[in-house]
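Now for the letters of each chain:
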Amino acid sequence: MPNYDLSNYLQFILSGLSTGSIYVLVALGVVTIYSVTGIVNLAQGEYCMLGAMLAVTFIRWGLPLGLAAAAAIIGVTAIGVLIERLTVQPARSASSITLIMITVGVSIVVRGVALLAWGTAPFSLPAFTKGPPLDVLGAAVSLQRLWILGTAVVTLLLLYFLLERTLLGKAVRACAINRQAAGLMGIAASQMSALVFALSAALGAVGGIVIAPLMLASYDMGLMLGLKGFVAAVIGGLTSLPGAVIGGLLLGVIESLGAGLISSGFKDAIAFLVLLLVIFARSGRFPNRLGRRPARAGELAGRGARPTETRP
Amino acid sequence: MSKHWPPRRQTSRVLETLEVLRQNQAFRVLETLKVLRKVSRNALAFLTFALVVGTLPLWLHSPYLLSTAIFIGIFTIVTLGLCLLMGYAGQVSLGHAAFWGIGAYTSAILTVKLGVSPWLAMIIGVAVTSGVAYLIAIPIFRLREHYLAMATLGLGIIVTLAFGEFRELTGGPSGLPGVPRLTVGSFIFDGDVEYYYLVWGVVLLLIGLSLNIVNSRVGRALRALHASEAAAASIGVDASRLKLQVLVLSAAYASVAGSLYVHYMQFVSPHAFDFGVSVRLVVMAAVGGLASVWGAPFGAAAVMLVTVLLREALPLVIPNASGEHITIFYGLVLILIMIFMPEGLTRGVIESFRRNARS
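Rules used throughout
Residues numbered from 1 in each chain as written. Chains lettered and ligands numbered in written order. Predicted model: local features only at pLDDT ≥ 70, side-chain atom pairs only at ≥ 80, totals over all residues. Axes fitted to C-alpha atoms, helices over the stretch in contact; angles between N-to-C directions. Helix = DSSP H or I, 4+ residues; strand = E, 2+ residues; numbered from the N terminus. Parallel < 35°, antiparallel > 145°, perpendicular 65-115°, else oblique. Left-handed = near helix turned anticlockwise from the far one by under 90°. Contact = placed C-beta atoms within 7 Å. Nonpolar A, V, L, I, M, F, W, Y, C, P; charged D, E, K, R; others polar. pLDDT = per-residue confidence, 0-100. Expected span 1.5 Å × (residues − 1). Buried ≥ 20, exposed ≤ 12 C-beta atoms within 10 Å, placed from the backbone. Core = buried A, V, L, I, M, F, W, Y, C linked by C-beta atoms within 7 Å.

Q: For this particular structure, what's the right way to read the packing of helix H8 (residues 217–227) of chain B against helix H10 (residues 239–265) of chain B?
A: Packed helix pairs are characterised by how far apart their axes lie and by the angle those axes make with each other. All names here are of chain B. At a closest axis distance of 11 Å, the pairing of H8 and H10 adopts a crossing angle of 110°. For the element pair H8 / H10, the angle class is roughly perpendicular. Here H8 runs over H10; the crossing is left-handed. Contacts from Ala 221, Leu 222 and Leu 225 of H8 reach H10 at Ala 239, Leu 242 and Val 246. Tallied by class, the residues present in the contact of H8 with H10 amount to six nonpolar, no polar and no charged.

In structure tokens form, the structure reads like this:
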């Protein structure tokens, strides 16, 4: 093993945290959808790809960065709702396996359509602000990484405000706790489903846009981002938003340290090794109900609302 | 001691039990008759299928189509296992290409690097793959369906990466050439016709085995499981154990297919076993029909032939179309089948015909 000093480790951890923020954004989408609808959405990463690709396209059309990003986020949100209406709504009552396979199908189709639209060549997005990397205790941190961290924090705050401080957020949390009871209170499950898909699409798009300057936007960037965000969500317990945040950051740091200290060839494998380990280690503590929804879905509310375990 | 012995209530309970047993006996005879009819129908189907498969090379003169038929046979073996897993155990594997790949690489590495006999290597491959499947399936005992999907997905990606990274063993991303042909005594399976018969012989063998499993006690338990896990568990079906066994069996099938693949291609590289291939396998199973043994060859053949057609036709519509474009078709087919016929295409079509015939 090469001889590393403290600044090297700091470098790995800081870059891991910024990559991890992207996983956090994806994982938050996964958790919201799973908590409210019981669907494991494997197409989550495609929203990142669409966000990045649309932003690049809008910038090429001459839009300023901020406007292009906003337009891309709105566009991806619309696509997210469209996908939900076309593929998830018709199969509402299907088994979780069927729904997983539908989302796998969706991710393939989206990737294929992106290939048709943009081709295989990767596009680069300019860094949001130009300037030399910042020196943090000997570790060099590029400005874009600061943008990523900042955007993630702002997005988290917005999400927190939406879920905890608005009526709409209350409805989403109610659905996550108990869909039937929420239905009795006049909350339409189908609308909530569309809403969380919109929310997740927007989160994914934000992640895709801020990471694009670092990793080049291409039609196939979504697969790995989505799967790793998903791993982060599983680390956090699949129904907990704070868990998703911790899971995402943790995964980013583990991956960055692993790639730096052991081997960069296995960088992508690390996330999935973690996934397997987590599934094994926590196999007794996962939501374990006969129905499709998790028993402890109340965790999304984050306020100890523990529903009794209902078995159909 | 009570006054009445045996107590009244108990007498009536004994009578009730006897009545249930009597009805059960009649029920059993009926069941046996049904099973017999089903068995003979299966035997007939099996013979017809064997006849078609056996005579195919006699009138199929195109070498390209013959080689496609060999690939269909290899895919059929993998799909067969996947159909059992998805249709009967209600689990989905999103990394089945990994099991296929482990079988293929075990065969390749053992024969090329260590000079082990191909048949022994095939058996070792099955053992290794089954072991991996067994480990991966441990969470089944505690977790719900989608966690196996996740675990297999993770396994699939790790395995593909490992094939590319352990260069000394696997030859890295550029692959491992020089895998020997299969031989029996002095006979070498070097022509496509010979290999066709070998592969489809194995297919027939495994279809026979699968039919036997499906129509046995285990198969009935699996069907009960598929209908309602709670109900099956209440009559003593050990759900987790059965699911584990089916996963290991389907992994073993995939491993055999992998060995056959690698001795046919005489070359192996990681790309043949990536996530996209796992998805293609799921599509084959979905097209064929999940809870059906006969769906596997149909699904494999349909997807393969459409792929071949698209590969020819697509460049006419979209210039510089690649294999990646064809995946749009896989995705669309998967979505549509899962929305409208979650039991699989063939089954869905048959069922809708039946409904029409009745009304």
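Q: I keep staring at the confidence of the model for chain A and nothing clicks. Help me out?
A: Across chain A, the average pLDDT comes to 83, with 89% of residues at or above 70. Between residues 285–312 of chain A, whose pLDDT stays under 50, and residues either more than four places distant or in other chains, the model counts 51 contacts.

Q: What is the right way to look at helix H11 (residues 275–288) of chain B in this model?
A: Since the α-helix packs 3.6 residues into each turn, any two residues three or four apart lie on the same face. Residues and elements named next belong to chain B. Over its 14 residues, H11 extends 20 Å from the first C-alpha to the last, a length consistent with the 20 Å expected when each residue adds 1.5 Å. In terms of residue burial, H11 counts as a mostly covered element, since 13 of its 14 residues are buried. The positive-phi residue at the C-terminal boundary of H11 is Gly 289, with phi of around 110°.

Q: Before we go on, may I ask you to explain the nonpolar core in this structure?
A: Soluble globular proteins tend to bury their nonpolar side chains together. Counting residues in each nonpolar core, the largest one holds 200 residues, and the members touching the most others are Ala 52 and Val 231 of chain A together with Leu 334 of chain B. Once you skip the residues sitting within four places of it in the chain, Leu 334 of chain B turns out to touch Met 101, Val 104 and Gly 105 of chain A together with Val 282, Val 283 and Ala 286 of chain B.

Q: When you look at the interface of chain A and chain B in this model, what are you seeing that I'm missing?
A: Reports of interface size often rely on the accessible area that becomes lost once the parts have come together. At the interface, 35 residues of chain A touch 35 residues of chain B. Examining the composition of the side of chain A that touches chain B, we find that 14 residues originate from one element, helix H4 (residues 96–118) of chain A, more than from any other. Tallied by class, the residues present in the side of chain A that touches chain B amount to 25 nonpolar, nine polar and one charged.

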